[in-house]
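# Report on the structure
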Amino acid sequence: MAIDLQIPVFNNNSEAELAGRWGMSIDQDLCTGCQACVAACAMENNIPFVGEVDAGYGRGMHWIRIERFWQGTFPEVKMTPYQPVMCQQCHNAPCEPVCPVFASVHSASEDLNLQVYNRCVGTRYCANNCPYQVRVFNWRDYADARQRPELVTLQNQLNPDVTVRRRGVMEKCTFCIQRIRHVEDTAKSEGRDIRDGEVVPACAQACPADAIVFGRVDDPASKVSQASKASRGSHLLEELGTLPNVTYLAGGSTK
Amino acid sequence: MFKKFFNALNQPLGRVGILITLLVVFSAAVWGIVQAQTAPPQPIQFPHNLHVGVGIQCLYCHPGALRGPSPGLPTETKCWGCHQQMAITKTSPLLKPLVQAVESNQPIHWIPVAQVPDFVHFIHRPHIAAGLNCEDCHGNVSKMTVYQSPQVMNMGWCLSCHRAKTEDNIQNNPNHDPAVTAMLQEKRTKLTDCSTCHY
Amino acid sequence: MSEQISRRDFLKLAGVGAATTAVLTGCGPASRYVTREPYTKMPEYTYNGLSTYYATTCRECSAGCGLVVRTMQGRAIKVEGNGNNPVNLGKTCARGQATLHGVYNPDRVTDPIHRSTRGSEGADKMDWDAAIQVVADALTKNKPEEIAFLMGMAPDHLFDLVTDLAKSIGAPAPVRFGALGMFEARTTLMKAAEDTFGQSGLPFFDLGGADLVLSFGANFLETWLSPVAQTREFSKMRRGQQTKRGYLVQFESRMSQTGAKADEWIPVTPGTEAMVVLAIGRLIAEARSLSLPPAFANVDVNSVAAASGVTLETLNHLVGLFSSYDHPLIIPGGATLGLGNGLQAAEAVLALNALAGNIGKDGGVYLSPINPLTDAYHRPASGSEMQDLIKSMSDGKIKVLFVHGVNPLFELPVKLGFGDAAKHVQQIISFATFPDETALQADYVFPDHHGLESWGYQKVATGSASSVLSGAQPVISPFFNTRSTVDVLLAATQKAGGALASAFPFKDEVEFMDSKLAGLLTVDGGFFSAPEINSFAASFQQYGGWWKTTDGRIAPSSADVLNKTFKAEAAQFDGQGDFFFVPFVSPILGEAGANKPWLQEVPDPTTTVVWNTWVEINPTTADKLGIQDNDVVKITSAYGEVEASVYKYPGIRPDTIAMPFGQGHTAYGQFAKGRGVNPADLFGPSVNEAGDLAFAGLKVRIEKTGKKRQLSRLEGVLGVYGFDAKQ
């Protein structure tokens, strides 16, 4: 059912300006809920761990989470298919118009929703507005080794391509933009275009079931475009008109 | 309680207090800014002028600029390659730290100067590929001993070039070919997009 | 200023000024406090700002997945799968991803230490020469039959060295054990294959080629055998086929992460799985109008239906599935094998596979390829074999025990008495990388490098259709003053001198490794070949191993399978309680992941709980007993008791409770210690017919304690069942 929420459409970019449009397709029939993507994302993006108490308060810093729900009671009980949820990189992102300092902006060149850490002042309005609840906030200096001595040796595994965030800053899945940039730079230096499947975000790279496919959705020949066309594909909370760039392929016996 | 505080501030003593606090804050800020922009003392007062003078290219010691994000600092083996063959190495007090470092296999603790903040990801390669010379951003290094930045490397300065080069191209595009214009627009958008440097 | 300023006021002002200045000096630019230390001698292949990648093998479990580790300036920063390695084909699991939190863990054992009082955390640092002398003395000054080696699940080059060393001095062969091996019931699987096919080997279930899978307790998407490979094969089964979507039926009393992916979850009464298998076999034979094979002759379908709770209708429906699908595959595993009749259940499953005609065919049952370096798969010890070792220890027959790669004081149930038996062992030498419970009771800890800092190879047991030897090389220099155990043992043999030294004329680990790899120079079918060992080793390191390009699956003979007879009986259970107890290995933590903080923070797939242990109780049962979420209950078996917070879990039988294994450490670092409980504390010594521990064969009691301890969940407490369901 389409609800007219009268969300104003912010046409951020003309087609001419777009260098490309990145999207993802997630096959829920294949996702086994193993959380390899969750761990891979955390390792790639220097996501701090918050500990049991803060996780209990809902302050866990998971950029991607595997959602599942229970239906029914024993013995007719089922679990809904595992659903990896990360920032949907909405074309019409509700988190963008509400940021007072323009830290949550739409990338004019890549059709991604960006989080610019140095601009963020921590109003958390963007997280409030996000219908998918995918934005996480640094409530404390979780990554500061001066305050948490156990991090002194663990700091060595930080990825230098990704900023380490301090407290008061909002963060979320970036579609591994550091990898997109790296591949763009490599392709540019070799004088060629980016090949389909060359940019692989950490989650897609780790997924043992190959449930996550990433690529250019503006290229009709790319794997992700082909996958997104499937009749069992849909978007999360489609009726809100956010135009997400992630397509979910339903599990179950549907063709 | 606040009334008492404000009353106290209104007193001459209070006003002097405010003045002192403001002065301290101001001078601390000025000190911080000045400190950030002056070259710190390095473990070896490396004379770039001398080395450029004998014909050494920037990319000889800083080859990473051509390939990737960081040009890098040369290892002491790079210095030693020439310096082990020079008589002055044994006699000059200026080269003593280098000799010590090489003999004890310890690194030289350089203090990085041409730094951008952690939340900026700057990559050298595309800038070299776009035809920039090292001195376009880093100044006339052939006149410097230890490196000093000729201007503040802040975002406005970066953007001034990013905008100028692409805007100029669009303005001066002679044949008004829409495909070319589109490509230039794409380039301008890319170079002024937040995510090009901040991610 | 018209008024005088008093001295007191002046001091106050000066104080304000000083305080402000003191605060603001912290605002200096960061570059003032940072120095850069370039390499003194940079490796030739390194470029500033660009990463170097090394191929190695993951050591978080014994599957042998290949890794490619990204390093930058000498630091390992990201783990990826090795796309070449046939086991994982470029993929990793959560445990592999978090292995960096192991190598850079703040609680690693940093130096060789001598512990004068067992159990005390304080210990004296030693130097490596003294440590090697201790090892040399232990090997030479004791009677060989009094030396024991206890090692972990992975059959690697260290295992080969220790096997050769033990043979050389006349000591008993090393024993391998791990909690995962216990929960996987490997001995049962192998014995079932041996009894059924007359051939020894670890069964290989070709998931990827099947289109109908009936899994009796096998949680193959979690930690069972080779989860990354199996997940990939599951994916192929599901959507990778041209004709139909693969169908999965899971038979378990508690819906696992794997069971949640099933198209049908059938909660059989625990202990009756073997009966259900036989009933299905009989019904299929009848449906196909075959003469009833002896294997399925002794089963009465109606009594099976009554005992197991699987109705006749469901059984017939399952039989009907066999005619709609072309490649049925039945897999035994997990709790089904961890019962008193586990071996019978496994053999019944193999018989059912034979009836389905899939033995040695694509999508069916094989024996796993043997790795390139040996003739046969060497399996880890079963529960009863471990009990034999413990008995030798308590009888004082073992004077020195070397422990590597396993933490028996945590992984073995307390009731088996390893802790007490250890008191009768004169000298315990541990090579643990982390300060685990066993290292805490050891007299010496001579820490091995972390897996990412190590050379070596690992023989892959299963998971791939090809014969694989996965290679390892250090991706970083050793971060602490640790030393490779192979190097320590080789140095010890040199120090010992005499026959021992001449038996091991290797100057270091790499030379030993190369001596073993040299055997592959003349073996055909590998994906690369080389004329001599140096170029072979170079390619071995570059690609991360050596494997054959040919199909290595062994098609067993299915000649006599259906003539074996079975008794359709339910399993016996230990204990007097009302509830069946189903412990399962935490899919996230595995057996050894509790010390890695990011693994602790990864939510459990089915409950989303982090950083703790929980007990799963059916919501109806919980309501009946007056138990709420987060209530702490005491669970008592015939052998022990534990307390844990309740999670009302819809996907479990009302007469069953479940608990994850992986927490409950009393040592093992700050992230693991004192967190959660260990369900193995409830286990007893009962074993199944093959000797594997009957870990799922317990009946337990639940008591309320009146305490509450909140579980941290990612899902939050609201909305688990949906807003319209009754809470």
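Fair warning: this is a prediction, and the values are worked out from it, not measured in the lab.

Attention now goes to empty space enclosed by the protein. Rolling a probe over the atoms, with the probe sized like a water molecule, indicates the empty space that remains. Residue and element names in this part refer to chain C. Tallied over the full model, the rule gives 16 cavities of 30 Å³ or more. By volume, the largest cavity amounts to about 790 Å³. Taken together, 43 residues make up the lining of the largest cavity; nearest its centre are R59, H404, G405, V406 and T433. In the lining of the largest cavity, the residues fall into 16 nonpolar, 18 polar and nine charged. A volume near 290 Å³ is recorded for the second largest cavity. Forming the boundary of the second largest cavity are 24 residues, of which G217, G334, A335, V582 and P583 lie nearest the centre. It is strand β20 (residues 579-585) that contributes the most residues to the lining of the second largest cavity, four residues altogether. By residue class, the composition of the lining of the second largest cavity is twelve nonpolar, seven polar and five charged.

So, on to the nonpolar core. Of all hydrophobic cores here, the largest spans 101 residues; its most connected members are M24, M86 and F175 of chain A together with W598 of chain C. If near-sequence neighbours (up to four positions away) are discounted, M86 of chain A is found in contact with M24, I26, W63, I64, V134, C173, V246 and Y248 of chain A.

Turning to the packing of aromatic side chains, a few remarks are in order. Residues and elements named next belong to chain C. Under the defined criterion, the tally for this structure stands at 33 aromatic pairs over all chains. Counting every residue linked through ring pairs, the aromatic cluster contains F527, F528, F536, F540, Y543 and W547. Seen from the ring of F159, R176 lies directly overhead, with NZ or CZ sitting 5.1 Å from the centre.

Another aspect to go through is the sheet that holds strand β6 (residues 147-151) of chain C. The strands making up a sheet are joined through hydrogen bonds of the backbone, oriented either antiparallel or parallel. All names here are of chain C. The seven strands lie next to each other as β5-β4-β16-β15-β14-β6-β7, forming an open sheet whose pairing is mixed. Each edge of the sheet is formed by a strand with only one pairing partner; in this case those strands are β5 (124-125) and β7 (175-176). Relative to strand β16 (residues 444-445), strand β4 (residues 113-114) runs antiparallel, the two sharing two bridges. Its bridge partner lying in β16, I113 is registered against V445. Docked against the sheet, helix α5 (residues 157-169) engages β6, β7 and β14 (400-404), running at close to 165° with respect to β6.

Parameters and conventions
- Residues numbered from 1 in each chain as written.
- Chains lettered and ligands numbered in written order.
- Predicted model: local features only at pLDDT ≥ 70, side-chain atom pairs only at ≥ 80, totals over all residues.
- Heavy atoms only, no water.
- 1 Å grid on protein atoms, 1.4 Å probe; cavity = no way out; pocket = protein on both sides within 12 Å on 5 of 7 lines; lining within 4 Å.
- Points joined across faces, edges and corners; volume = space filled by probe spheres on them.
- Nonpolar A, V, L, I, M, F, W, Y, C, P; charged D, E, K, R; others polar.
- Helix = DSSP H or I, 4+ residues; strand = E, 2+ residues; numbered from the N terminus.
- Core = buried A, V, L, I, M, F, W, Y, C linked by side-chain atoms within 4.5 Å.
- Buried < 20%, exposed > 50% of the residue type's maximum accessible area, 1.4 Å probe, protein only.
- Contact = heavy atoms within 4.5 Å.
- Phe/Tyr/Trp six-rings, centres within 6.5 Å; stacked < 30°, edge-to-face > 60°.
- Lys NZ or Arg CZ within 6 Å of the ring centre and 35° of its normal.
- Pairing = 2+ DSSP bridges.
- Axes fitted to C-alpha atoms, helices over the stretch in contact; angles between N-to-C directions.

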